[in-house]
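Commentary on secondary and tertiary structure
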Amino acid sequence: MALQLRPNCEYCDCDLPPNATNARICSYECTFCADCVETKLSNVCPNCGGGFAPRPIRPTREWRPGVCVTKHVPSDKRVHLKYSVEDVATHCARVREVPPEMR
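Presented here is an overview of the structure given in this document. Owing to the predicted nature of the structure, the values given are computational and were not obtained by experimental measurement.

Here we take up the state of the cysteines. Within the structure shown, the criterion is met by zero disulfides. Cysteine C36 is unpaired, with the sulfur of C33 as its nearest cysteine sulfur at 3.6 Å. C45 provides the cysteine sulfur closest to C92, a residue in no disulfide bond, and the two sulfurs are 8.2 Å apart.

What follows is the structure in structure tokens.
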């Protein structure tokens with residue numbers, strides 16, 4: 001099963017196309033831009049509390065049969081936070097001092 005490759009940052013709603021090098025994901029595929037992860041979220045996923053990693057780039061060329069961005073198309077469903085900005089700030093402040101591998 002391929003990653004969803006969500007099309008936007010859940011915090012600021014900026015576009016994150018499949019080849020975006022500034023896309024970050026948590027283990028649940030929550031998707032945010034690098035700027036929000038660094039400046040607003042302190043590397044804390046506001047949904048699960050985990051940390052973030054760069055989202056992989058799906059190849060545009062079909063190097064192997066059936067494996068490329070046109071065969072496994074990215075999601076077009078925009079996702080937004082279900083928490084308020086204030087709640088996110090409180091959550092991230094509570095968790096940010098705990099290293100991701102210990103959360």
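Read from one edge to the other, the open sheet built from three strands follows the order β2-β1-β3, with strand pairing classed as antiparallel. Two strands lie at the open edges of the sheet, namely β2 (31-33) and β3 (53-54), each paired on one side alone. Bridge analysis of strand β1 (residues 23-25) against β2 gives three bridges, and the strand direction is antiparallel. Each residue of the ladder has a partner; that of R24, found in β2, is F32.

Another point: the environment of L3. Looking at the element boundaries, L3 is found in the segment before β1. The exposure class of L3 is partly exposed, given its relative accessible area of 28%. Between the alpha carbons of L3 and S75 there is a distance of 9.0 Å; along the sequence they are 72 residues apart.

The rules we used
- Residues numbered from 1 in each chain as written.
- Predicted model: local features only at pLDDT ≥ 70, side-chain atom pairs only at ≥ 80, totals over all residues.
- Heavy atoms only, no water.
- Disulfide = S-S within 2.5 Å.
- Pairing = 2+ DSSP bridges.
- Helix = DSSP H or I, 4+ residues; strand = E, 2+ residues; numbered from the N terminus.
- Buried < 20%, exposed > 50% of the residue type's maximum accessible area, 1.4 Å probe, protein only.

Interpretation note: all reported values are geometric properties and have no functional meaning in isolation.
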